[in-house]
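# Structural characterization, general
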Amino acid sequence: MKRILGIGNALVDVLTKVDNEQILSELHLPKGSMQLLSTEAYAEVTRRMQALPTKLTTGGSACNTLLALSHLDAPTGMIGKIGDDENGRFFASYFAQRGISTRLLHDSRPTGVASTFITPDGQRTFGTYLGAAARLTADELQQAWFEGYDYFYIEGYLVQNHDLVLRAIELAHAAGCEVCLDLASYNIVEADLDFFRALMPSIDIVFANEQEAQALTGLEARAALDALAATCHIAVVKIGKHGVWACHGTEVAHCQARDVPVVVDTTAAGDYFAAGFMHALAAGEPLATCIARGSLLAGHIIEVVGTELPDATWQQLRLQCGLA
């Protein structure tokens, strides 16, 4: 199987379920979005969450994807930055347990935290304090880190660091990697639209949901797919309960979404889709299988709170993916 390297914000997720959307309004967090928090705003979010029941997991979009891939025995690596603190040690230990090769640099700032609010409809809203994760710089990247990998996966939340992303893509292409980008969140795309559009010709594989695709192209999902495929090797547009479209050259594939009776939490749905897709792609499977596997994983993660599936579910998924 081909090898996959990722880069992203190394975060710890603090998740809580809320009964209504009032707290989102009070904290100025638009429902369904990811908002970057200042130190002051992070302190207020933390204060409010102390009164709520919470769950702690590793987080970060690319990190979620790589962890899911590790459960399917895909050889993976991770580039990121953490703080020298308890959260950082928790993050590093968890990745080591999963056998992921890490390049985790350290910083004087605290490890980043994604405060995640889950509303009764399963939608998640992030208030993210990047901390140490935001201190990763272009000149810290090393060519040797990219050698031996076939795909290089970038989370869209990292794209605000223009120099870092451009340097990472340069090093990945020099190492012979295909570059994959997940657009991550519609508001991230809208806030940096010109740069995202300028970046697309250097991207080989792009993942978007319909909101992100429309934010980038100004088009509805199916037309956006064609527009993205005109510049990228493979384009994927996810349309929620209506499934997913993918395009590779003249080949177009569609897959229905997995039937999920109750959506508990949509956290990491896109990350798990990317993991399933990349796992099948790295194994040389056809496009239709790639989107089906992505939909399979995404359909399971939205049935639980957080970014990790029970061991029994992974055993079932491994069988469905043809693994022993």
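Each remark here, short or long, concerns the structure printed above.
First, a word on what this report is: a plain description of the structure on this page. Just so it is clear, the model here is predicted, and its values are computed rather than measured. (Residues numbered from 1 in each chain as written. Predicted model: local features only at pLDDT ≥ 70, side-chain atom pairs only at ≥ 80, totals over all residues. Heavy atoms only, no water.)

Outside of glycine, negative phi angles account for most residues, and trans bonds account for most peptide bonds. Although it is not a glycine, His28 sits at a positive phi angle of roughly 60°. Turning to its location among the elements, His28 is positioned in the loop between α1 (22-26) and β3 (34-36). On the basis of relative accessible area, His28 is assigned to the exposed category, the value being 66%. Positioned with a positive phi, Asp73 is a non-glycine residue whose angle comes to about 70°. Along the chain, Asp73 turns up in the loop between α3 (61-71) and β5 (76-83). (Helix = DSSP H or I, 4+ residues; strand = E, 2+ residues; numbered from the N terminus. Buried < 20%, exposed > 50% of the residue type's maximum accessible area, 1.4 Å probe, protein only.)

To continue, consider the sheet that holds strand β13 (residues 244-248). Strand pairing in a sheet relies on backbone hydrogen bonds, with the paired strands running either antiparallel or parallel. The strand order β6-β5-β1-β9-β10-β11-β12-β13-β14 describes an open sheet built from nine strands, whose pairing is mixed. Both edges of this open sheet fall to β6 (101-107) and β14 (251-255), since each of them pairs with a single strand only. Neighbour-to-neighbour, the strand axes of this sheet turn through a mean angle of 15°, independent of strand direction. Sheet analysis places strand β11 (residues 205-209) next to strand β12 (residues 234-238), joined by five bridges and oriented parallel. For Phe207, the partnering residue across the bridge sits in β12 and is Val236. Lying over the sheet, helix α5 (residues 162-174) contacts β1 (4-7), β9 (151-155) and β10 (178-182), oriented at roughly 170° with respect to β9. (Pairing = 2+ DSSP bridges. Axes fitted to C-alpha atoms, helices over the stretch in contact; angles between N-to-C directions. Contact = heavy atoms within 4.5 Å.)

On to the state of the cysteines, then. Applying the stated criterion across every chain, the model contains zero disulfides. Note on Cys255: no disulfide assigned, nearest cysteine sulfur contributed by Cys290 at a separation of 11 Å. As a non-bridged cysteine, Cys290 has Cys180 as the owner of its nearest cysteine sulfur, 11 Å distant. (Disulfide = S-S within 2.5 Å.)

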